[in-house]
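# Inside the fold
The residues making up each chain are set out below.
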Amino acid sequence: MVELSRRRFEELVGDALDSIPADLTGLMDNVVITVAEDPPEPGLLGLYEGIPLTERGDGYAGVLPDQIFIYWREICAICETPDDVVEEVRITVVHEIAHHFGISDDRLHELGWS
């Protein structure tokens, strides 16, 4: 387990977002990324809730933003070093953003992002 302040963890999430190419983040639409303390179930590092871009049709309007949650305490609990936290945050952020783009867990696993 790694002890890390929430503020520092939020900075790591920001760094992970900054590492994603701007041409991809520029395509993200109506989504909010939030650092949350604890997941709704043990072992969950991140969660995407919303309507993926690939499923939005002409009737998509007036919808609340999609939400991506990155779980601070759960990630810190599974990591042994601060460098592990940096890597796990990046993997989790990319994984959840991929869901926003409509990429399934199975496909992410095939691509090595599970």
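Residues numbered from 1 in each chain as written. Predicted model: local features only at pLDDT ≥ 70, side-chain atom pairs only at ≥ 80, totals over all residues. Heavy atoms only, no water.

### A word on the side chain of Arg56
The following threshold applies: The way it works is that DSSP assigns letters per residue, a run of H or I at least four long becomes a helix, a run of E at least two long becomes a strand, and they are numbered from the N terminus. Exposure classes here rest on a 1.4 Å probe applied to the protein chains alone. A residue is buried below 20% of its type maximum, exposed above 50%, and partly exposed in between. What qualifies as a polar contact is a pair of N or O atoms within 3.5 Å, subject to a donor-acceptor requirement within protein and to the restriction that residues adjacent in sequence count only when both atoms come from side chains. Any two residues whose heavy atoms approach within 4.5 Å are treated as being in contact.
Structurally, Arg56 is set in the loop between β2 (46-49) and β3 (66-71). For Arg56, a relative accessible area of 16% corresponds to the buried category. One polar contact links the side chain of Arg56 to the main-chain carbonyl oxygen of Ile51, over a distance of 2.8 Å. Setting aside chain neighbours within four positions, we find Arg56 in contact with Asp29, Asn30, Ile51, Asp66 and His100.

### Considerations on the packing of aromatic side chains
Here is the rule we go by: Two aromatic rings from Phe, Tyr or Trp, using only the six-membered ring of Trp, form a pair when their centres are within 6.5 Å; if the ring planes differ by under 30 degrees the pair is stacked, by over 60 it is edge-to-face, and anything between is tilted.
Within the structure shown, the criterion is met by one aromatic pair. On the basis of an interplanar angle of 15 degrees and a centroid distance of 6.3 Å, the ring pair of Phe69 and Tyr71 is categorised as stacked. Neither Phe69 nor Tyr71 differs from the other in exposure class; each is buried.

### Some words on the nonpolar core
Inclusion rule: Buried Ala, Val, Leu, Ile, Met, Phe, Trp, Tyr and Cys residues form a nonpolar core when they are joined through side-chain atoms within 4.5 Å.
If you look at the biggest cluster of nonpolar residues, it comprises 22 residues, and the most contacted ones within it are Phe9, Val13, Ile70, Ile75, Val85, Val89 and Val93. Secondary-structure elements contributing two or more residues to this core are α1 (6-18), β3, α3 (72-78) and α4 (82-100). With residues up to four places along the chain from it excluded, the contact list for Val13 reads Ile33, Val35, Ile70, Val89 and Val93.

### Description of the packing of α1 against α4
As a reminder, the rule being used: Axes, fitted as lines to C-alpha atoms, cover a helix only where it is in contact. Angles between the N-to-C directions of the axes lie from 0 to 180 degrees. Any angle from 65 to 115 degrees is called roughly perpendicular, while one under 35 is roughly parallel, one over 145 is roughly antiparallel, and all others are oblique. Here a crossing is called left-handed whenever its near helix is offset anticlockwise from the far helix by less than a right angle, and right-handed whenever the offset is clockwise. Under the convention adopted here, Pro, Cys and the residues Ala, Val, Leu, Ile, Met, Phe, Trp and Tyr are nonpolar, Asp, Glu, Lys and Arg are charged, and Gly plus all remaining residues are polar.
As a packed pair, α1 and α4 sit with axes 9 Å apart at the nearest point and diverge in direction by 55 degrees. Relative to α4, the element α1 lies oblique. Like other packed secondary-structure pairs, α1 and α4 cross with a definite hand, here right-handed. Contacts between α1 and α4 involve Phe9, Leu12, Val13, Ala16 and Leu17 on the former and, on the latter, Val85, Val86, Val89, Arg90, Val93 and Ile97. Here the residues of the contact of α1 with α4 are counted per class, giving ten nonpolar, no polar and one charged.

### Quick word on the confidence of the model for the protein
We count it as follows: Per residue, pLDDT measures the predictor's confidence, with a range of 0 to 100.
When pLDDT is averaged along the protein, the result is 94; 99% of the residues meet or exceed 70. Element-level pLDDT for the protein is lowest in helix α5 (residues 105-110), with a mean of 89, against a maximum mean of 98 in β3.

### Considering the environment of Glu10
Along the polypeptide, Glu10 turns up in helix α1. A C-alpha to C-alpha distance of 19 Å links Glu10 and Pro21, two positions eleven residues apart in sequence.

### Here's the deal with the pattern of salt bridges
Inclusion rule: When a carboxyl oxygen of Asp or Glu is within 4 Å of a side-chain nitrogen of Lys or Arg, the pair counts as a salt bridge.
By the definition in use, this model includes eight salt bridges. Members of the salt-bridge network, linked through shared partners, are Arg6, Glu10, Glu37, Asp38 and Arg73.

### Focus on a negative patch on the surface
Short version of the rule: Patches here: salt-bridge-free residues with over 30% relative accessible area, like charges joined within 9 Å, nonpolar side chains (Val, Leu, Ile, Met, Phe, Trp, Tyr) joined within 5 Å. Note on areas: these come from Shrake-Rupley sampling with a 1.4 Å probe, and a residue is covered only by the protein chains present in the view. When charges are counted, neither His nor the chain ends are considered; positive counts come from Lys and Arg and negative counts from Asp and Glu. A charge is said to be at NZ when it belongs to Lys, at CZ for Arg, at CG for Asp and at CD for Glu.
On the surface, Glu80, Asp83, Asp84 and Glu87 cluster together into a negatively charged patch. Here Asp83 is to be found in helix α4.

### Overview of the sheet that holds β2
Quick note on the threshold: Any two strands with at least two DSSP-identified bridges between them are counted as paired.
Here three strands make up an open sheet; going across it, the order is β1-β3-β2 and the pairing mixed. The open sheet has two edge strands, β1 (31-36) and β2, and neither has a second partner. Adjacent strand axes in the sheet meet at a mean angle of 15 degrees when their direction is disregarded. Where β1 lies against β3, six bridges are found, and the strand directions are parallel. Residue pairing in the sheet places Val31 in a bridge with Asp66 of β3.

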